[in-house]
Amino acid sequence: AQSVAQPEDQVNVAEGNPLTVKCTYSVSGNPYLFWYVQYPNRGLQFLLKYITGDNLVKGSYGFEAEFNKSQTSFHLKKPSALVSDSALYFCAVRSNQAGTALIFGKGTTLSVSS
Amino acid sequence: NAGVMQNPRHLVRRRGQEARLRCSPMKGHSHVYWYRQLPEEGLKFMVYLQKENIIDESGMPKERFSAEFPKEGPSILRIQQVVRGDSAAYFCASSPRAGGEANYGYTFGSGTRLTVV
């Protein structure tokens, strides 16, 4: 069975500081990993994904994430946080096997203070 | 390309009524996924459909909930005899093929917020 864990309900950082939002996963087969962001009363917007290749992937708005197979992690990072980054962030995983749906973590609320 | 369209955006139903949530996938997308978002539970997978087929309904409650994606028209998530616990945001996503768009995973709609009073 597939699962995703986001161990932190909330992450607080000051503007200009680096941020990390943690994600670990469990999946049979090779994982496809995604990060999405949700602003209040909106749908989910794609940030970045790992399918294959380089372990460090870069996405929208200056975000990046590192795939670590041995630790089964896919932490989201940004070198310098902005107040406008404050939102709900979801990590998601699916197996590379056909017919499987994307499974989401519970989400982490990022709060960036000025 | 209008993206994934969900309607209505907000739906209020009294306990015992039926709720019908609609999802029109992006043009060219033949795979639809429904998710439910509850405040303390995150985004929960409900059902995965192709045109006229249910591929995976492992996340659907056994009673009162059903979903379809007919050959013509939108996908429908139907909740019969709604209860207060059904109040949530319901999101639909679509993809052009099994497993999602290679670059973007799924494309999500803006959701339907169901309130049961």
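The sections below set out a description of the structure shown in this document. Every value quoted in this text rests on a predicted model; they were computed, and no experiment measured them. (Residues numbered from 1 in each chain as written. Chains lettered and ligands numbered in written order. Predicted model: local features only at pLDDT ≥ 70, side-chain atom pairs only at ≥ 80, totals over all residues. Heavy atoms only, no water.)

1. Comments concerning the nonpolar core
What tends to happen in soluble globular proteins is that the nonpolar side chains get buried as a cluster. Going by this rule: Residues belong to a common nonpolar core when they are buried Ala, Val, Leu, Ile, Met, Phe, Trp, Tyr or Cys residues joined through side-chain atoms within 4.5 Å. The buried label applies to any residue whose accessible area, calculated with a 1.4 Å probe on protein chains only, is under 20% of its type's maximum; exposed applies above 50%, and partly exposed to all values in between. Put simply, DSSP H or I for four residues or longer makes a helix, DSSP E for two residues or longer makes a strand, and each gets a number counted from the N terminus. By definition in these notes, contact holds between two residues if any of their heavy atoms fall within 4.5 Å.
Grouped together as the largest cluster of nonpolar side chains are 27 residues, with contacts concentrated most on W35, L47, L48, F74, L76 and Y89 of chain A. Listing elements by their share of this core, those giving two or more residues are strand 2 (10-14), strand 3 (19-21), strand 5 (31-38), strand 6 (44-50), strand 8 (64-68), strand 9 (73-78), strand 10 (87-95) and strand 12 (108-113) of chain A. In terms of residue count, the dominant contributor to this core is strand 10 of chain A (four residues). When residues no more than four places from it in sequence are discounted, the contact partners of Y89 of chain A are Q6, W35, Y36, V37, L47, F63, L76, G107, T108 and L110 of chain A. The next biggest cluster of nonpolar side chains, apart from the first, holds 24 residues, and it includes A19, L38, V82 and Y90 of chain B.

2. Topic: unusual backbone geometry
All names here are of chain B. The omega angle of the peptide bond from N7 to P8 is 0°, so this bond is cis rather than trans. Tracing the chain through its elements places P8 in the loop between strand 1 (5-7) and strand 2 (10-13). Unlike most non-glycine residues, E52 shows phi in positive territory, near 65°. Among the secondary structure elements, E52 is positioned in the loop between strand 5 (42-50) and strand 6 (53-56). Accessibility expressed as a relative area gives 57% for E52, which makes it exposed.

3. Structural notes on the packing of aromatic side chains
Under the convention used in this document: For this analysis, a ring pair means two rings from Phe, Tyr or Trp (six-membered ring only for Trp) whose centres lie within 6.5 Å, classed as stacked if their planes differ by under 30 degrees, edge-to-face if by over 60, and tilted for the remaining angles.
Per the counting criterion, the structure on display carries 15 aromatic pairs over all chains. Considering the side-chain rings of Y36 of chain A and F104 of chain A, the 5.6 Å spacing of their centres and the 55° angle between planes classify their relative orientation as tilted. Placement of Y36 of chain A in strand 5 and of F104 of chain A in strand 11 (residues 103-104) is noted, with a sequence separation of 68 residues between them. The burial state of Y36 of chain A is the same as that of F104 of chain A; both residues are buried. An aromatic cluster of at least three residues, connected via ring pairs, comprises F34, Y36, F46, F90 and F104 of chain A together with Y35, F45 and F108 of chain B.

4. Remarks on the interface of chain B and chain A
Filter applied, for reference: The term buried area denotes the loss of accessible surface (1.4 Å probe radius) that occurs when two parts are joined, taken as the sum for both partners. Here, a salt bridge means any Lys or Arg side-chain nitrogen found within 4 Å of an Asp or Glu carboxyl oxygen. Residue type decides the class: Asp, Glu, Lys and Arg count as charged, Ala, Val, Leu, Ile, Met, Phe, Trp, Tyr, Cys and Pro as nonpolar, and the leftover types, Gly among them, as polar.
Listed by partner, the interface residues are 23 residues for chain B and 21 residues for chain A. Summed over both partners, the interface of chain B with chain A comes to about 1,600 Å²; 58% of that surface belongs to carbon and sulfur atoms. At the surface where chain B touches chain A, the tally comes to zero salt bridges. At the level of secondary structure, the elements contributing two or more residues to the side of chain B that touches chain A comprise strand 4 (31-38) and strand 5 of chain B. Among the elements that line the side of chain B that touches chain A, the one with the most residues is strand 5 of chain B, at four residues. Grouping the constituent residues of the side of chain B that touches chain A by class yields twelve nonpolar, seven polar and four charged.

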